Amino acid sequence: MKTTQKVRKILSCYESDNPGTKANLARILMQGRLGGSGKLVILPVDQGFEHGPARSFAPNPAAYDPHYHFELAIEAGLSAYAAPLGMIEAGADTFAGQIPTILKVNSSNSLARLKDQAITASVNDALRLGCSAIGFTIYPGSDYAFEMMEEIREMAEEAKAAGLAVVIWSYPRGDAISKDGETAMDICAYAAHMAALLGAHIIKVKPPTAFLEQGEAKKVYEKEKIDIATMAARIRHVVQSCFNGKRIVVFSGGAAKGLDGLYDEVRGIRDGGGNGSIIGRNTFQRPREEALKMLDTLIRIYQGKE
Amino acid sequence: MKTTQKVRKILSCYESDNPGTKANLARILMQGRLGGSGKLVILPVDQGFEHGPARSFAPNPAAYDPHYHFELAIEAGLSAYAAPLGMIEAGADTFAGQIPTILKVNSSNSLARLKDQAITASVNDALRLGCSAIGFTIYPGSDYAFEMMEEIREMAEEAKAAGLAVVIWSYPRGDAISKDGETAMDICAYAAHMAALLGAHIIKVKPPTAFLEQGEAKKVYEKEKIDIATMAARIRHVVQSCFNGKRIVVFSGGAAKGLDGLYDEVRGIRDGGGNGSIIGRNTFQRPREEALKMLDTLIRIYQGKE
Amino acid sequence: MKTTQKVRKILSCYESDNPGTKANLARILMQGRLGGSGKLVILPVDQGFEHGPARSFAPNPAAYDPHYHFELAIEAGLSAYAAPLGMIEAGADTFAGQIPTILKVNSSNSLARLKDQAITASVNDALRLGCSAIGFTIYPGSDYAFEMMEEIREMAEEAKAAGLAVVIWSYPRGDAISKDGETAMDICAYAAHMAALLGAHIIKVKPPTAFLEQGEAKKVYEKEKIDIATMAARIRHVVQSCFNGKRIVVFSGGAAKGLDGLYDEVRGIRDGGGNGSIIGRNTFQRPREEALKMLDTLIRIYQGKE
Amino acid sequence: MKTTQKVRKILSCYESDNPGTKANLARILMQGRLGGSGKLVILPVDQGFEHGPARSFAPNPAAYDPHYHFELAIEAGLSAYAAPLGMIEAGADTFAGQIPTILKVNSSNSLARLKDQAITASVNDALRLGCSAIGFTIYPGSDYAFEMMEEIREMAEEAKAAGLAVVIWSYPRGDAISKDGETAMDICAYAAHMAALLGAHIIKVKPPTAFLEQGEAKKVYEKEKIDIATMAARIRHVVQSCFNGKRIVVFSGGAAKGLDGLYDEVRGIRDGGGNGSIIGRNTFQRPREEALKMLDTLIRIYQGKE
Amino acid sequence: MKTTQKVRKILSCYESDNPGTKANLARILMQGRLGGSGKLVILPVDQGFEHGPARSFAPNPAAYDPHYHFELAIEAGLSAYAAPLGMIEAGADTFAGQIPTILKVNSSNSLARLKDQAITASVNDALRLGCSAIGFTIYPGSDYAFEMMEEIREMAEEAKAAGLAVVIWSYPRGDAISKDGETAMDICAYAAHMAALLGAHIIKVKPPTAFLEQGEAKKVYEKEKIDIATMAARIRHVVQSCFNGKRIVVFSGGAAKGLDGLYDEVRGIRDGGGNGSIIGRNTFQRPREEALKMLDTLIRIYQGKE
């Protein structure tokens, strides 16, 4: 694997990491059709945990099979595949070395009332399964946020020492935040920044709206005239909040929307300097051919061709 | 022990496990009268913990003796015997090597108010007692569910590293779920799927009813026209939810019912592609000869003879 | 030390234990005047923790001195002496090898409001002090019961690996149980059974009354016509609940009562097949000569002489 | 260091301890002007933690300097100096070997609402700082009491294995106890007894009043006619509650009172057979010369000269 | 690096520390324009965690980049740079050896409701990143204060053993304290003293006001006529509360205020004998040239030139 100059530049920002971790970041950055471009499209399949199997896979029953997702990610030329323990265990051997995997090590479910997640896999699991990274969700704004941060702190230290990369899903949620606030501009940038401060290599947040949640923050956004009018502007502000672009940040596809809406959003991510998309339900809930077509378009958008 | 093609096919789905764990799965799958067929009947005796000795054993006092259950399981030609620490300790030496044992490592009791269980045995206990697997109950829907998931995650990692198999009893329960919801189709499939995601090798759930608990799920079942009209159809959906049949799933006998009702249920499990039954009270609360007769019928049903 | 056939038969029921643990059980079973008979009388002195020094020892001030209890147990020809850390430390060297000791490793006190106990000694303490066993109290029915079970599970694993025996005091208590229920027949049998399931070698419960606490259990006792009319019958049911007599079960002396009442109770224990008594306050709160006389009578009852 | 017969007799009561711990107890018992007499005066300086620096040291500003207390204890010929981590670290090297030190390993403060303490130092800290003992406070009667007992149990095991002595401050406090009850005769004796049962080598309690807190205890004190009329009688009862005098027990100076009141109290401690005083505020809040004079008087009282 | 007599005198107060820790203290004390003088100016950048990226960096967008702060601290000739994990990781290699770094190992955020912080880095992180010290915040007065103290106790032991220095941010906060009380004279001195007792090498508090919070303390301040009229007098009292000046104490810049107000405050710190300032927002929220000018003035004040 020969890395591109673009990728080497990105890797140089991870100046404190050991060669093992950098190699795993490189594997993800060099994988698939966007390999070498500094852009990423990741397939995450944790919906089964979050919403149950029928809500996740019934629209496209082939997706009940764990191999389906490996194959889809490989065929579509994506950058990595992220899933909980059981899903990775069920395909890690068959697809060994064919696509970087991210082991999602904590998970929630829609039968739970607590705004928390259970740790459901370990760094050792990631190593024995040949994963390139661990993925962990934090809920800033939840009363469990401190605990979740302490959990990923400990797991991240262990992962980095073992040469793995660390991906943090930073999803604001909890009693201190309104529903609109969960995707507010100030909160999203804050969530991304905290993930960076926690030492994440790759940060995942939702695309922000132009809403501002916190009064103190609002004053600053207005006083400093921070541009948050367009999606591209908002993405740019998130990128800035990730150490001025020195950390990779990718955006979830969010709730199902029309394809045109999705493509527009992705153009905003691209134009704002975001590193890419991590897009689950929109992918595996479509028939395979439709999904491949959609992913092809996404990739072409990141390639600047659409 | 020579494994059958059917068993080797099942084992091949556990592609990330070490040979030790596969050997223990093979021991269970090759044991008894259903050995080699891919079908299982397991005898679980944790009722003493759950309901106390008199409610469990007074109807058939011979069952107060731990040896009784080993002997019954062996004579009936069952696949494995599952019980808490004390019960296994009391017979592990006498019956060493005669039937695979599953050490139930957590337990509740009817004097407890919390929807939780106590960890009552360890992986080391399973190893020193020559068990083939550990068994663990989770209560999805309980406020303790995250903790229980974290407990089995840790024990499962340890068990797998030691070459043991992991059986998860996934029993929805708790404030977030109605009484009917505990056996609802959507909840049961969800519970089975979460056990699979947690890395279980064998999943135990209750046979589902046609009730649908969660509004969001109900919409999907209706929209996607998921067939849940018959027991066989519902079992098929559970099997699908277990990685499209790539994980072994067995069903409890549920509350005492007439034998005919039980046999019909088991035919549904068989016809829906379930891997078998795990049946306690219905077994050891009958006189020995009756129990053997009933188990013979169950086995014959799985053999397609009744 | 040559063991009797009776003792070897009892030891054979502990089929999963290592020779170290069996040797310690043998030491207790071969000690004193009941040595070799399969019967036991144990002196427990944890009243100081439970009720304070004056309530425990003022009636017989010689008992303030830890040596007093060692000497009394030895002179009376008892089977073992059980006490908290400080009491054992204060005499372990002087009386080394003269009587088996049981280190009580958790303790409550009457200044506490929580239905829990503090862990106040360790397996390592038991080893350095030359004890034969650890003793641990669980409160089935308390909201702390699961935690207490997890504590003894962990300590029992450690103790067994180190060749020690495990004694569980199973005392139902808590919001889920009425005051009468604490000594109810169904609850007592349940408590004894749970201790057996937790892997106890010796189980300590209170002598049960004919009261039945739980509705579901009551139905079974009535339907199955379980005989609980006399103390002997109730003891027999407890013994049955301890793996059909495969685990040693001893009974506390309970609240102070007349000597005749005590002797009758002990005859009931003997006639019901119980293994013996563990009797504290009734012993050390009497003047030494009276206590020795009472213990002599107890032993003679177990010998079938009174 | 040649020990006296008196000291050897005291040490012989610690029959289960290793030579390292006995040597440290001997260092304390042989130190200063009371060395060899079996009596002790210890200087504790944890007031800064408990009440803040100004309330502790402003009356005698020289006491802001940690060296002041080492020097005072040495010059006064005291038995040991007890303080939290920072205070010991600030003088351990300068005064190495000049006076035994007791590292207070947990601490509360008057900004806290919980009836608990924070662990603020470790056994390793005690070892690296050359201390002879660790000191730990428990609050019997607090809902945190079980936790505190478990903390000192663990630390005491570690300390004893490392040849250190263990001092327990047993201060009843909490919702289960009235304000008067904190120094009640029954509670104080109970608190001292629990410290002994927890394995303390040296027990620190407050001098008790004649008040009786618990109804059940009161009955016993009255029935058994326990003499608690004078301070000497009350001390005698506490000493008895410390394993009939087999454990060293020292008494705090309590709230500031007139010197005559203090001296009378100390005569009571002496006459009741207490082992000595542990006296902080009364010492370091006075000008140095006054403090030395007061300590001289205390020592002379214990020597039987006043 | 040759240390000055002033620095050697300061180091001599840390008499229990190992050469590794003293060397790291020396590195900080000898760094920059105040090197060797015993005075310090530290740049802390934890505002991103505390208030989010926009509120922290939008006024001076260059500050979004982690390298900016390293460069500013180096160019201004400061003593050390303190920041959370991600910020240090992003520059540790580029600026290795150019300025001592303090890894802030716990952090709060303004989306949290609990008066606690999450542990967000470890001693091992500090070592692998070449830091000279760890920094930790405690909230005396919070119900989490005991836990926070136990966390820093454990980390401090580990840090000291590894030759690192320990900096404690002692910020009173919580239900037991009024808003004014957070900077009250008595509370501030108490907070500083507790940090010293916990074993901190460098203590950070806010400059105190003349307000007195606690009734008992107020009596003493009035009775002992403690001078708290001027900032210099109040600083002097804080210094005294830090073991009579034997521990380094630095003061935060507090809320944004006019430059003249800030300079006056710093003169008070200098005149009262404080060791220096730790000043964040006031620094990095100004344009670079303004910040450098301001820091130049601060340094000149500490040099006695302004």
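Residues numbered from 1 in each chain as written. Chains lettered and ligands numbered in written order. Predicted model: local features only at pLDDT ≥ 70, side-chain atom pairs only at ≥ 80, totals over all residues. Heavy atoms only, no water.

I'd like to hear about the overall build of chain A, residue by residue, with values.
When you go through chain A residue by residue, the secondary structure sums to 14 helices and ten strands. Compactness check: chain A gives a C-alpha radius of gyration of 18 Å against a globular reference of 19 Å for 306 residues, within 12% of the reference. For chain A, the C-alpha atoms occupy an extent of roughly 55 × 45 × 40 Å along the three principal directions. Across the 306 residues that make up chain A, the buried fraction comes to 67%. Counting contacts in chain A only where the partners sit at least 6 residues apart, residues at least 24 apart contribute 72% of the total. As displayed, chain A offers around 9,800 Å² of accessible surface, 48% of which is attributable to carbon and sulfur atoms. Considering chain A, the positive charge centre built from 36 side chains and the negative charge centre built from 35 side chains are found 7 Å apart. (Helix = DSSP H or I, 4+ residues; strand = E, 2+ residues; numbered from the N terminus. Rg over C-alpha atoms; globule rule 2.2 N^0.38 Å. Buried < 20%, exposed > 50% of the residue type's maximum accessible area, 1.4 Å probe, protein only. Contact = heavy atoms within 4.5 Å. Areas by Shrake-Rupley, 256 points an atom, 1.4 Å probe, with all protein chains shown as cover. Lys, Arg positive; Asp, Glu negative; His and termini not counted. Charge placed at Lys NZ, Arg CZ, Asp CG, Glu CD.)

Please give an account of the interface of chain D and chain E that cites residues and values.
Listed per partner, the contact involves 47 residues of chain D and 37 residues of chain E. Buried surface at the junction of chain D and chain E, both sides included, amounts to about 3,500 Å², of which 59% is carbon and sulfur. In this structure, the connection of chain D to chain E is made through five salt bridges. With a closest N to O distance of 2.9 Å, K246 of chain E and D65 of chain D form a salt bridge. Our enumeration of links across chain D and chain E arrives at 19 residue pairs in polar contact (both at pLDDT 80 or more). Counting only elements with at least two residues in the side of chain D that touches chain E, the list comes to helix 3 (47-51), helix 4 (53-57), helix 5 (66-75), helix 6 (85-89), strand 5 (118-119) and helix 7 (123-128) of chain D. For the side of chain D that touches chain E, the class distribution of residues is 22 nonpolar, 15 polar and ten charged. (Buried area = accessible area lost by both parts, 1.4 Å probe. Salt bridge = Lys/Arg side-chain N within 4 Å of Asp/Glu carboxyl O. Polar contact = N/O pair within 3.5 Å; in protein donor to acceptor, adjacent residues only side chain to side chain. Nonpolar A, V, L, I, M, F, W, Y, C, P; charged D, E, K, R; others polar.)

Residue-level account of the pattern of salt bridges, with values.
Applying the stated rule across the entire model yields 80 salt bridges over all chains. Notably, a salt bridge pairs D175 of chain E with R113 of chain D, separated by 3.5 Å at the nearest N-O pair. Note that D175 of chain E is positioned in the loop between strand 7 (165-170) and helix 9 (185-197) and R113 of chain D in the loop between strand 4 (106-107) and strand 5, a pairing that runs across two chains. Overall, R113 of chain D belongs to the partly exposed group, its relative accessible area being 47%. Put simply, D296 of chain E and R33 of chain E hold a salt bridge, and the shortest N to O gap is 2.8 Å. You can see D296 of chain E sitting in helix 14 (residues 288-302) and its partner R33 of chain E sitting in the loop between helix 2 (19-30) and strand 1 (40-44), a full 263 residues away along the chain. With relative accessibility at 27%, the residue D296 of chain E sits in the partly exposed group.

With reference to specific residues and values, describe the relation of the copies chain D and chain E.
Under the fitted operation, chain D is carried onto chain E by 0.0 Å of movement along the axis and a turn of 72°, and the coordinates agree to an RMSD of 0.0 Å. This pairing of chains is accounted for by a five-fold axis. Taking C-alpha positions as the reference, the residue of chain D nearest the rotation axis is E147 of chain D, at 11 Å. (Least-squares fit on C-alpha atoms with pLDDT ≥ 70 in both.)

Now, about the packing of helix 5 (residues 66-75) of chain B against helix 14 (residues 288-302) of chain B: what can you tell me, with residues and values included?
All names here are of chain B. As a packed pair, helix 5 and helix 14 sit with axes 10 Å apart at the nearest point and diverge in direction by 40°. Our classification of the angle between helix 5 and helix 14 gives oblique. Crossing geometry of helix 5 relative to helix 14 is assigned as right-handed. Facing Y68, E71, L72 and E75 of helix 5, the residues of helix 14 in contact are R288, A291 and L292. A breakdown of the residues in the contact of helix 5 with helix 14 according to their chemical character gives four nonpolar, no polar and three charged. (Axes fitted to C-alpha atoms, helices over the stretch in contact; angles between N-to-C directions. Parallel < 35°, antiparallel > 145°, perpendicular 65-115°, else oblique. Left-handed = near helix turned anticlockwise from the far one by under 90°.)

Could you give an account of the side chain of H67 of chain D, with specific residues and numbers?
Among the secondary structure elements, H67 of chain D is positioned in helix 5. With residues near it in sequence (within four places) discarded, H67 of chain D still touches A90, G91, T94 and F95 of chain D together with E15 and K246 of chain E.

Describe the pairing of strand 7 (residues 165-170) of chain A, naming the residues involved and giving the relevant values.
The side chains of a regular strand alternate between both faces of the sheet. Residue and element names in this part refer to chain A. Of all six residues that make up strand 7, six are buried, and the element is covered over most of its length. Two strands pair when backbone bridges link them, and strand 6 (residues 133-138) and strand 7 are joined in this way by six bridges, in the parallel orientation. By the bridge assignment, T137 is partnered in strand 7 with W169. What joins strand 6 to strand 7 is helix 8 (residues 145-161), and the crossover it makes is right-handed. (Pairing = 2+ DSSP bridges. Right-handed = clockwise from strand over helix to strand, strands pointing away.)

Describe the sheet that holds strand 3 (residues 101-104) of chain D, naming the residues involved and giving the relevant values.
Residue and element names in this part refer to chain D. Here eight strands make up a closed barrel; going around it, the order is 1-2-3-6-7-8-9-10 and the pairing parallel. Along the sheet, successive strands turn relative to each other by an average axial angle of 25°, direction set aside. The pairing of strand 1 (residues 40-44) with strand 2 (residues 80-83) spans three bridges and is classified as parallel. Its bridge partner lying in strand 2, L43 is registered against Y81. The strands touched by helix 14 (residues 288-302) are strand 1 and strand 10 (276-278); relative to strand 1, the strand with the most contacts, the crossing angle is about 150°.

Describe the sheet that holds strand 9 (residues 248-252) of chain C, and please don't skip the residues or the numbers.
Residues and elements named next belong to chain C. The parallel closed barrel is built from eight strands, whose spatial order is 1-2-3-6-7-8-9-10. Between one strand axis and the next, the sheet turns by 25° as a mean value, whatever way the strands run. For strand 1 (residues 40-44) and strand 10 (residues 276-278), the ladder comprises three bridges, and the chain directions are parallel. Bridged to V41 within strand 10 is S277. Set on the sheet, helix 8 (residues 145-161) makes contact with strand 6 (133-138) and strand 7 (165-170); between it and strand 6 the angle comes to about 170°.

Just give me the short version of helix 12 (residues 259-271) of chain D, but keep the residues and values in it.
All names here are of chain D. Between its terminal C-alpha atoms helix 12 stretches 18 Å, which fits the 18 Å expected from 13 residues at 1.5 Å a residue. Where helix 12 is buried, its residues touch helix 11 (231-241), strand 9 (248-252), strand 10, helix 13 (281-284) and helix 14. Among the residues trailing helix 12, G273 stands out with phi positive, at a value near 90°. (Expected span 1.5 Å × (residues − 1).)

So, the interface of chain A and chain E: which residues are in play, and what are the values?
Facing 37 residues of chain A, the contacting portion of chain E comprises 47 residues. Applying the counting criterion to the chain A and chain E interface returns 19 residue pairs in polar contact (both at pLDDT 80 or more). Mapped onto the side of chain A that touches chain E, the elements with two or more residues apiece are helix 8, helix 9 (185-197), helix 10 (215-223) and helix 11 (231-241) of chain A. In terms of residue count, helix 9 of chain A provides more of the side of chain A that touches chain E than any other element does, seven residues in total. Partitioning the side of chain A that touches chain E into residue classes produces 17 nonpolar, nine polar and eleven charged.

Lay out the environment of N275 of chain B in plain terms, naming residues and giving numbers.
The topology assignment puts N275 of chain B in the loop between helix 12 (259-271) and strand 10 (276-278). Every residue in contact with N275 of chain B, bar those within four places of it in the chain, is listed here: G38, K39, L40, R247, I248, V249 and V250 of chain B.

Now, about unusual backbone geometry: what can you tell me, with residues and values included?
At N244 of chain A, a residue that is not glycine, the phi angle is positive and equals roughly 55°. Summarising the element assignment, N244 of chain A is placed in the loop between helix 11 and strand 9 (248-252). Residue K225 of chain E is not a glycine yet carries a positive backbone phi of 50°. In this structure, K225 of chain E sits in the loop between helix 10 (215-223) and helix 11 (231-241).

Can you explain the UniProt feature "active site" (unreviewed entry) in chain A? Please cite residues and give values.
Residues and elements named next belong to chain A. This chain's UniProt record puts "active site" (unreviewed entry) on Y171 and K204. Judged by maximum C-alpha separation, these annotated positions cover 34 residues in sequence but sit close together in space, the widest gap being only 8.3 Å. Checked against the element boundaries, Y171 lands in the loop between strand 7 and helix 9. Excluding its chain neighbours within four sequence positions, the residues that come into contact with Y171 are I138, Y139, P140, K204, V205, K206 and S252. Within the secondary structure layout, K204 lies in strand 8 (residues 202-205). Dropping the residues within four chain positions of it, K204 is found in contact with I168, W169, S170, Y171, V250, S252 and I278. (UniProt positions renumbered as here; feature names shortened; annotations may be inferred.)

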